[in-house]
Amino acid sequence: MGIVKKLQSLYQELPAHVTLVAVSKTKPDEMIMEAYHAGHRDFGENKVQDLAAKQERLPADIRWHMIGHLQSNKVKYIAPFVHLIHGVDSLKLLGIINKEAIRNNRIIDCLLQVRIAKEETKFGLTEEELMQLLQSDSFREMKNIRIRGVMGMATYTENSDQIREEFRLLKRIFEMLRGSLFSEQPFFDQLSCGMSGDYRLAIEEGSTMVRIGSLIFGARNY
Ligand SMILES: *Cc1c(COP(=O)(O)O)cnc(C)c1O
(Lines give C-alpha, C1' and ligand atoms only; values in the text may rest on other atoms or scores of the structure.)
Protein backbone atom coordinates (compact mmCIF):
# COMPACT_ATOMS: atom_id res chain seq x y z
CA MET A 1 0.00 0.00 0.00
CA GLY A 2 1.27 3.48 -0.85
CA ILE A 3 1.85 6.26 1.66
CA VAL A 4 -1.38 8.07 0.88
CA LYS A 5 -3.48 4.92 1.15
CA LYS A 6 -1.88 4.11 4.47
CA LEU A 7 -2.57 7.58 5.79
CA GLN A 8 -6.16 7.48 4.65
CA SER A 9 -6.81 4.18 6.32
CA LEU A 10 -5.28 5.51 9.53
CA TYR A 11 -7.44 8.66 9.36
CA GLN A 12 -10.47 6.39 9.06
CA GLU A 13 -9.44 4.30 11.97
CA LEU A 14 -8.23 6.94 14.44
CA PRO A 15 -10.80 8.69 16.65
CA ALA A 16 -11.14 12.42 15.98
CA HIS A 17 -9.38 13.45 19.20
CA VAL A 18 -6.22 11.53 18.30
CA THR A 19 -3.44 13.37 16.46
CA LEU A 20 -1.39 11.31 14.03
CA VAL A 21 2.29 12.22 14.03
CA ALA A 22 3.82 10.70 10.90
CA VAL A 23 7.33 9.66 11.91
CA SER A 24 9.49 10.43 8.89
CA LYS A 25 12.92 9.79 10.44
CA THR A 26 15.47 8.46 7.92
CA LYS A 27 12.94 8.97 5.10
CA PRO A 28 13.56 11.22 2.10
CA ASP A 29 11.80 14.52 1.41
CA GLU A 30 9.81 13.01 -1.47
CA MET A 31 8.01 10.66 0.89
CA ILE A 32 7.19 13.48 3.27
CA MET A 33 5.87 15.54 0.37
CA GLU A 34 3.63 12.69 -0.71
CA ALA A 35 2.00 12.76 2.71
CA TYR A 36 1.99 16.56 2.66
CA HIS A 37 0.12 16.70 -0.61
CA ALA A 38 -2.45 14.34 0.86
CA GLY A 39 -3.01 17.03 3.51
CA HIS A 40 -0.85 15.72 6.30
CA ARG A 41 0.97 18.34 8.41
CA ASP A 42 2.30 16.67 11.59
CA PHE A 43 5.67 14.99 11.15
CA GLY A 44 8.11 13.59 13.72
CA GLU A 45 11.87 13.25 13.64
CA ASN A 46 14.22 11.93 16.31
CA LYS A 47 17.49 13.61 15.33
CA VAL A 48 18.01 17.34 15.66
CA GLN A 49 20.20 17.56 12.59
CA ASP A 50 17.64 15.86 10.34
CA LEU A 51 14.78 17.82 11.84
CA ALA A 52 16.49 21.16 11.24
CA ALA A 53 17.56 20.26 7.71
CA LYS A 54 14.12 19.01 6.70
CA GLN A 55 12.41 22.03 8.23
CA GLU A 56 14.59 24.29 6.13
CA ARG A 57 13.89 22.44 2.89
CA LEU A 58 10.20 21.62 3.28
CA PRO A 59 7.01 23.72 3.45
CA ALA A 60 6.75 26.18 6.31
CA ASP A 61 3.32 25.04 7.49
CA ILE A 62 4.54 21.59 8.54
CA ARG A 63 4.25 21.04 12.29
CA TRP A 64 7.52 19.43 13.33
CA HIS A 65 7.57 17.16 16.37
CA MET A 66 10.85 16.32 18.08
CA ILE A 67 10.28 12.77 19.28
CA GLY A 68 13.77 11.55 20.13
CA HIS A 69 16.11 12.13 23.00
CA LEU A 70 17.13 15.77 22.93
CA GLN A 71 20.59 16.90 24.00
CA SER A 72 20.83 20.26 25.75
CA ASN A 73 23.46 21.64 23.40
CA LYS A 74 21.23 21.05 20.37
CA VAL A 75 18.05 22.75 21.55
CA LYS A 76 19.06 25.99 19.82
CA TYR A 77 18.78 24.42 16.36
CA ILE A 78 15.11 23.55 16.72
CA ALA A 79 13.88 26.24 19.13
CA PRO A 80 12.88 28.71 16.39
CA PHE A 81 10.30 26.41 14.84
CA VAL A 82 9.62 23.16 16.73
CA HIS A 83 5.91 22.49 17.27
CA LEU A 84 6.16 20.06 20.16
CA ILE A 85 9.04 18.41 22.00
CA HIS A 86 7.89 14.96 23.12
CA GLY A 87 10.72 13.59 25.18
CA VAL A 88 11.70 16.06 27.88
CA ASP A 89 13.10 14.17 30.83
CA SER A 90 15.10 16.58 32.99
CA LEU A 91 14.85 19.96 34.67
CA LYS A 92 18.15 20.96 33.12
CA LEU A 93 16.88 20.31 29.60
CA LEU A 94 13.67 22.15 30.36
CA GLY A 95 15.71 25.13 31.57
CA ILE A 96 17.61 25.27 28.31
CA ILE A 97 14.46 24.94 26.23
CA ASN A 98 13.01 27.83 28.24
CA LYS A 99 16.08 29.95 27.60
CA GLU A 100 16.01 29.26 23.87
CA ALA A 101 12.28 29.93 23.79
CA ILE A 102 12.87 33.36 25.33
CA ARG A 103 15.61 34.04 22.84
CA ASN A 104 13.18 33.25 20.03
CA ASN A 105 10.36 35.15 21.65
CA ARG A 106 8.03 32.17 21.75
CA ILE A 107 6.45 29.65 24.06
CA ILE A 108 7.60 26.09 23.39
CA ASP A 109 5.18 23.23 23.97
CA CYS A 110 6.70 20.18 25.66
CA LEU A 111 5.68 16.76 26.88
CA LEU A 112 7.40 15.17 29.83
CA GLN A 113 8.60 11.67 29.14
CA VAL A 114 7.62 9.12 31.75
CA ARG A 115 9.49 5.88 32.14
CA ILE A 116 6.78 3.25 31.78
CA ALA A 117 8.78 0.41 30.24
CA LYS A 118 10.50 -2.14 32.39
CA GLU A 119 13.47 -2.17 30.01
CA GLU A 120 16.61 -0.44 31.23
CA THR A 121 17.30 1.35 27.97
CA LYS A 122 14.29 3.61 27.84
CA PHE A 123 14.54 7.24 28.85
CA GLY A 124 12.09 9.03 31.06
CA LEU A 125 11.19 10.18 34.53
CA THR A 126 9.68 8.14 37.32
CA GLU A 127 6.49 9.45 38.86
CA GLU A 128 8.44 10.72 41.82
CA GLU A 129 11.00 12.55 39.67
CA LEU A 130 8.17 14.05 37.66
CA MET A 131 6.49 15.47 40.75
CA GLN A 132 9.78 16.83 42.06
CA LEU A 133 10.48 18.56 38.78
CA LEU A 134 7.03 20.09 38.48
CA GLN A 135 7.01 21.34 42.05
CA SER A 136 10.47 22.88 41.95
CA ASP A 137 10.93 26.65 42.11
CA SER A 138 13.08 26.68 39.02
CA PHE A 139 10.33 25.03 36.99
CA ARG A 140 7.77 27.56 38.20
CA GLU A 141 9.99 30.35 36.95
CA MET A 142 10.08 29.01 33.40
CA LYS A 143 7.55 31.22 31.71
CA ASN A 144 8.27 30.22 28.12
CA ILE A 145 7.56 26.53 28.53
CA ARG A 146 4.10 25.08 28.26
CA ILE A 147 3.75 21.49 29.42
CA ARG A 148 1.07 19.97 27.21
CA GLY A 149 1.09 16.51 28.74
CA VAL A 150 3.14 13.35 28.98
CA MET A 151 4.78 10.89 26.62
CA GLY A 152 5.82 7.29 27.06
CA MET A 153 7.19 4.30 25.22
CA ALA A 154 6.14 0.80 26.10
CA THR A 155 8.52 -2.13 26.31
CA TYR A 156 9.41 -3.67 22.97
CA THR A 157 7.61 -6.97 23.43
CA GLU A 158 4.96 -9.20 21.92
CA ASN A 159 3.22 -9.34 25.27
CA SER A 160 0.22 -7.09 24.78
CA ASP A 161 -0.88 -7.43 28.40
CA GLN A 162 2.38 -5.90 29.48
CA ILE A 163 2.15 -3.10 26.93
CA ARG A 164 -1.41 -2.37 28.01
CA GLU A 165 -0.35 -2.23 31.63
CA GLU A 166 2.41 0.25 30.80
CA PHE A 167 0.05 2.50 28.85
CA ARG A 168 -2.35 2.36 31.79
CA LEU A 169 0.37 3.54 34.10
CA LEU A 170 1.02 6.50 31.79
CA LYS A 171 -2.68 7.32 31.62
CA ARG A 172 -2.98 7.16 35.40
CA ILE A 173 -0.09 9.61 35.83
CA PHE A 174 -1.56 11.88 33.16
CA GLU A 175 -4.94 11.95 34.91
CA MET A 176 -3.33 12.44 38.29
CA LEU A 177 -1.46 15.53 37.02
CA ARG A 178 -4.49 16.83 35.20
CA GLY A 179 -6.49 16.62 38.40
CA SER A 180 -3.83 18.22 40.58
CA LEU A 181 -0.97 20.46 39.45
CA PHE A 182 -2.56 21.21 36.07
CA SER A 183 -6.20 21.39 37.12
CA GLU A 184 -6.45 25.04 36.06
CA GLN A 185 -4.52 24.58 32.85
CA PRO A 186 -6.78 23.25 30.11
CA PHE A 187 -3.90 23.03 27.65
CA PHE A 188 -2.54 20.07 29.61
CA ASP A 189 -4.38 17.65 27.35
CA GLN A 190 -1.93 15.44 25.45
CA LEU A 191 -1.03 11.84 26.08
CA SER A 192 1.55 10.77 23.49
CA CYS A 193 1.87 7.02 23.19
CA GLY A 194 1.53 4.34 20.57
CA MET A 195 3.70 3.47 17.57
CA SER A 196 3.21 1.25 14.51
CA GLY A 197 3.12 -1.93 16.55
CA ASP A 198 1.02 -0.84 19.49
CA TYR A 199 -1.06 2.20 18.51
CA ARG A 200 -4.37 0.35 18.75
CA LEU A 201 -3.67 -0.64 22.31
CA ALA A 202 -2.52 2.89 23.07
CA ILE A 203 -5.76 4.39 21.79
CA GLU A 204 -7.81 1.94 23.81
CA GLU A 205 -5.86 3.10 26.83
CA GLY A 206 -6.42 6.80 26.22
CA SER A 207 -3.70 8.04 23.85
CA THR A 208 -4.38 11.41 22.21
CA MET A 209 -1.29 11.37 19.99
CA VAL A 210 0.18 8.39 18.17
CA ARG A 211 3.63 8.45 16.57
CA ILE A 212 3.60 6.16 13.56
CA GLY A 213 6.52 5.64 11.21
CA SER A 214 7.13 2.30 9.55
CA LEU A 215 3.44 1.53 9.07
CA ILE A 216 3.13 4.64 6.87
CA PHE A 217 6.53 4.93 5.22
CA GLY A 218 7.74 1.33 5.29
CA ALA A 219 10.53 -0.29 7.27
CA ARG A 220 13.63 1.77 7.92
CA ASN A 221 17.16 0.67 7.05
CA TYR A 222 19.62 2.50 9.25
C1 LIG B 1 10.83 5.76 15.55
C2 LIG B 1 9.90 6.23 16.61
C3 LIG B 1 8.52 6.05 16.49
C4 LIG B 1 7.86 5.37 15.32
O5 LIG B 1 8.18 4.02 15.26
P6 LIG B 1 7.46 3.01 14.26
O7 LIG B 1 7.55 1.71 14.94
O8 LIG B 1 8.19 3.08 12.99
O9 LIG B 1 6.05 3.47 14.11
C10 LIG B 1 7.72 6.55 17.50
N11 LIG B 1 8.23 7.16 18.57
C12 LIG B 1 9.56 7.35 18.73
C13 LIG B 1 10.05 8.05 19.94
C14 LIG B 1 10.43 6.89 17.76
O15 LIG B 1 11.74 7.07 17.92
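Just so we're clear, the structure is a prediction, and the values are computed from it rather than from any experiment.

(A) Inspection of the overall build of the chain at higher detail. The helix and strand inventory of the chain stands at ten helices and eight strands. Scaling as 2.2 N^0.38, a compact globule of 222 residues should have a C-alpha radius of gyration of about 17 Å, and the chain matches this with 17 Å. Considering only C-alpha atoms, the chain reaches an extent of 50 × 45 × 30 Å along its principal axes. Residues classed as buried in the chain amount to 50% of the 222 residues present. Here the contacts in the chain between residues at least 6 apart in sequence split such that 60% fall between residues at least 24 apart. Entry remark: accessible area of the chain is about 11100 Å², with carbon and sulfur atoms responsible for 48%. Across the chain, the mean location of the 30 positive side-chain charges is 3 Å away from that of the 29 negative side-chain charges.

(B) How the structure looks around the packing of helix α1 (residues 3-13) against helix α2 (residues 29-37). Packing of α1 against α2 leaves a shortest axis separation of 9 Å and a crossing angle of 45°. Here α1 lies oblique to α2, going by the angle between them. Judged by the twist between their axes, the crossing of α1 over α2 is right-handed. Contacts between α1 and α2 involve Ile3, Val4 and Leu7 on the former and, on the latter, Met31, Glu34 and Ala35. Classifying every residue of the contact of α1 with α2 gives five nonpolar, no polar and one charged.

(C) Fine view of the pattern of salt bridges. Tallied over the full model, the rule gives 17 salt bridges. Between Glu127 and Arg172 there is a salt bridge; the shortest N-O distance is 3.0 Å. Highlighted residues: Glu127 in helix α6 (residues 127-134) and Arg172 in helix α8 (residues 160-179), separated in sequence by 45 residues. Here Glu175 ties to Lys171 by a salt bridge, and the two come within 2.8 Å at their closest N and O atoms. Of the two residues, Glu175 and Lys171 both sit in helix α8, four residues apart, roughly one turn of that helix. With relative accessibility at 30%, the residue Glu175 sits in the partly exposed group. According to the relative accessible area criterion, Lys171 is partly exposed, its value standing at 26%. Counted as one network, the salt bridges with shared partners bring together Asp109, Arg146, Arg148 and Asp189.

(D) Expanded view of the environment of Ile116. Note on placement: Ile116 falls in the loop between β5 (108-114) and α6. Distance from Ile116 to Arg211, taken between C-alpha atoms, is 16 Å for residues 95 residues apart in sequence.

(E) Structural view of the site of the ligand. Around the ligand, a shell composed of Val23, Lys25, Ile67, Met153, Met195, Ser196, Arg211, Ile212, Gly213, Ser214 and Arg220 is seen. A distance of 2.9 Å separates a nitrogen atom of the ligand from a polar atom in the side chain of Arg211. Considering the ligand on its own, with 390 Å² of exposed area, one finds that the protein chains cover 90% of that surface.

(F) Structural detail: the nonpolar core. Counting 62 residues, the largest nonpolar core has Ile85, Leu94 and Ile97 as the members making the most contacts within it. By residue number, the principal contributor to this core is α8, which donates six residues. Among all residues touching Ile85, those that are not within four sequence positions of it are Met66, Leu70, Ile78, Ile97, Ile108, Asp109, Cys110 and Leu111. Counting five residues, the second largest nonpolar core, distinct from the first, contains Val21, Leu111, Met151 and Met209.

Scoring rules and cut-offs
Residues numbered from 1 in each chain as written. Predicted model: local features only at pLDDT ≥ 70, side-chain atom pairs only at ≥ 80, totals over all residues. Heavy atoms only, no water. Helix = DSSP H or I, 4+ residues; strand = E, 2+ residues; numbered from the N terminus. Rg over C-alpha atoms; globule rule 2.2 N^0.38 Å. Buried < 20%, exposed > 50% of the residue type's maximum accessible area, 1.4 Å probe, protein only. Contact = heavy atoms within 4.5 Å. Areas by Shrake-Rupley, 256 points an atom, 1.4 Å probe, with all protein chains shown as cover. Lys, Arg positive; Asp, Glu negative; His and termini not counted. Charge placed at Lys NZ, Arg CZ, Asp CG, Glu CD. Axes fitted to C-alpha atoms, helices over the stretch in contact; angles between N-to-C directions. Parallel < 35°, antiparallel > 145°, perpendicular 65-115°, else oblique. Left-handed = near helix turned anticlockwise from the far one by under 90°. Nonpolar A, V, L, I, M, F, W, Y, C, P; charged D, E, K, R; others polar. Salt bridge = Lys/Arg side-chain N within 4 Å of Asp/Glu carboxyl O. Near = heavy atom within 4 Å. Polar contact = N/O pair within 3.5 Å; in protein donor to acceptor, adjacent residues only side chain to side chain. Core = buried A, V, L, I, M, F, W, Y, C linked by side-chain atoms within 4.5 Å.

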